[in-house]
Amino acid sequence: MVYNWLKTIQALAYPATCVLCGAPGREGRDLCRGCQDSLPHNRHACRLCALPLPATAPAGSLCGQCQQRPPRFDRCLAALCYEHPLDHLVSGLKFRDKLVYGRLLSGLLGDFLEHRGHELPELLVPVPLHPSRQRERGFNQALELARPLARRFGIPVDIRALSRDRATAPQSGLDKKERRRNIRGAFRLREGLAARHIAIVDDVVTTGNTVDELAGVLRRGGAARVEVWAVTRRAGGRKAIAPDG
Ligand SMILES: [Zn+2]
Ligand SMILES: [Zn+2]
């Protein structure tokens with residue numbers, strides 16, 4: 001009740017405004033209908049890693065990479081393509097402390113997940129940052145995304161189970177092999193897992209190496225099913241598409 005009142009007062013004092021064009025937001029969200037409709041939704045994607053595929057790819061296709069070497073997670077659900085304006089919103093959240101973007105992006109991912117009608121995981125695990133990075137930034141963007149999803153779907157978030165013990169070089173600028181090597185052994189399970197079905201939450205999946213490494217750690221810790229919930233999926237860097245054969 002108090003919460004609803006607070007929400008009402010907040011809505012009157014700060015009406016939702018589209019972060020992209022400044023028009024009034026829709027349904028309390030900081031995005032207008034026009035801008036929301038023109039977002040690059042990830043409609044045609046690899047069924048395992050959510051890599052954006054051409055619109056001509058048949059439903060259920062796998063990308064070339066997944067055909068050669070399937071990831072250690074069961075599947076990745078990525079709502080949007082990492083293109084304009086998502087690149088702007090994601091980097092605004094990460095590097096300019098725009099936590100309002102975090103709420104918006106989390107809401108968009110939540111809408112996408114809601115329409116999938118699949119069995120929900122028992123636990124959300126945001127991709128951990130190295131402690132030095134977390135100190136520098138003051139927050140973990142993956143946790144900012146996971147919290148509203150946890151409330152929305154009634155799933156607990158675990159920020160203690162995993163730690164990132166090794167600071168890694170940025171994945172960009174490395175080739176495929178180097179990327180895999182760079183991230184290997186970066187994460188550690190600190191305590192036993194209280195769930196068998198887990199979703200890793202992240203802002204952007206680029207090559208998939210980071211979430212693949214994390215999925216491996218969770219599996220070794222006893223997780224039976226690991227999925228990835230990502231706001232965005234980057235298209236580049238992978239070989240051409242072949243339909244699932
Ligand atoms: Zn707008
Ligand atoms: Zn794939």
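Residues numbered from 1 in each chain as written. Chains lettered and ligands numbered in written order. Predicted model: local features only at pLDDT ≥ 70, side-chain atom pairs only at ≥ 80, totals over all residues. Heavy atoms only, no water.

Go over the coordination of the zinc ion (ligand 2) with me, naming the residues and quoting the values.
Metal coordination angles have textbook ideals: 109.5 degrees for a tetrahedral set of four donors and 90 or 180 degrees for an octahedral set of six. Taken together, Cys46 (SG), Cys49 (SG), Cys63 (SG) and Cys66 (SG) make up the full set of protein donors to the zinc ion (ligand 2), lying 2.3 Å away. Coordination at the zinc ion (ligand 2) comes from four donor atoms whose angles at the metal span 105 to 117°, giving a geometry best classed as tetrahedral. Every donor residue of the zinc ion (ligand 2) comes from the same chain, spaced as C-x2-C-x13-C-x2-C. (Donors = N, O, S within 2.8 Å, 3.2 Å for Na, K, Ca; no water. Tetrahedral: all angles 85-135°; square planar, octahedral: opposite > 155°, others 65-115°.)

Break down helix H8 (residues 176–183) for me, citing the residues and quoting the values.
What H8 keeps buried is the set Arg179, Arg180, Asn182 and Ile183. For H8, the angular spread of the buried residues around the axis is 160°, confining them to a single face. The exposed set on the far side of H8, more than 90 degrees from its buried face, consists of Lys177 and Arg181. Here the buried face of H8 lies against helix H3 (64–68), strand S4 (162–164), strand S5 (187–189) and helix H9 (209–220). The N-capping residue of H8, defined by a side-chain oxygen 3.1 Å from the backbone nitrogen of Lys177, is Asp175. (Buried < 20%, exposed > 50% of the residue type's maximum accessible area, 1.4 Å probe, protein only. Helix = DSSP H or I, 4+ residues; strand = E, 2+ residues; numbered from the N terminus. Arc of directions from axis to C-beta. Contact = heavy atoms within 4.5 Å. Polar contact = N/O pair within 3.5 Å; in protein donor to acceptor, adjacent residues only side chain to side chain.)

Which residues make up the coordination of the zinc ion (ligand 1), and what values go with them?
Those donors, Cys18 (SG), Cys21 (SG), Cys32 (SG) and Cys35 (SG), are the protein atoms that reach the zinc ion (ligand 1), and they lie 2.3 to 2.4 Å from it. Note that the zinc ion (ligand 1) binds four donor atoms; their angles at the metal cover 101 to 117°, and the shape is tetrahedral. Sequence spacing of the donor residues for the zinc ion (ligand 1), all on one chain, is C-x2-C-x10-C-x2-C.

Run through unusual backbone geometry, naming residues and quoting values.
Both trends apply: most residues other than glycine have a negative phi, and most peptide bonds are in trans. A cis amide bond links His84 with the next residue in sequence, Pro85, at an omega value of 0°. Along the chain, Pro85 turns up in the loop between strand S2 (75–81) and helix H4 (86–95). At Glu27, a residue that is not glycine, the phi angle is positive and equals roughly 50°. Looking at where Glu27 falls in the secondary structure, it is placed in the loop between helix H1 (2–13) and helix H2 (33–37). The backbone of Ala50 shows a phi angle near 65°, a positive value even though the residue is not glycine. According to the relative accessible area criterion, Ala50 is buried, its value standing at 3%.

Describe the sheet that holds strand S7 (residues 225–233), listing the residues and the values that go with them.
Sheet architecture is open: four strands sit in the order S2-S7-S6-S3, paired in parallel fashion. Two strands close off the open sheet at either side, each with one partner strand: S2 and strand S3 (123–126). Between one strand axis and the next, the sheet turns through 20° on average, direction left out of account. Relative to S7, S2 runs parallel, the two sharing six bridges. Within S7, the residue paired with Arg75 across the bridge is Glu227. The strands touched by helix H5 (residues 99–114) within the sheet are S2 and S7, with S2 carrying the most contacts at an inclination of about 125°. (Pairing = 2+ DSSP bridges. Axes fitted to C-alpha atoms, helices over the stretch in contact; angles between N-to-C directions.)

Before we move on, could you go through a positive patch on the surface and cite the residues and values that matter?
Together, Arg69, Lys176, Lys177, Arg181 and Arg184 give the surface a local cluster of positive charge. As for its placement among the helices and strands, Arg69 is situated in the loop between H3 and S2. In this structure Arg69 comes out as partly exposed when scored by relative accessible area, which is 42%. (Patch = residues over 30% accessible without salt bridge, like charges linked within 9 Å, V, L, I, M, F, W, Y side chains within 5 Å. Areas by Shrake-Rupley, 256 points an atom, 1.4 Å probe, with all protein chains shown as cover. Salt bridge = Lys/Arg side-chain N within 4 Å of Asp/Glu carboxyl O. Lys, Arg positive; Asp, Glu negative; His and termini not counted. Charge placed at Lys NZ, Arg CZ, Asp CG, Glu CD.)

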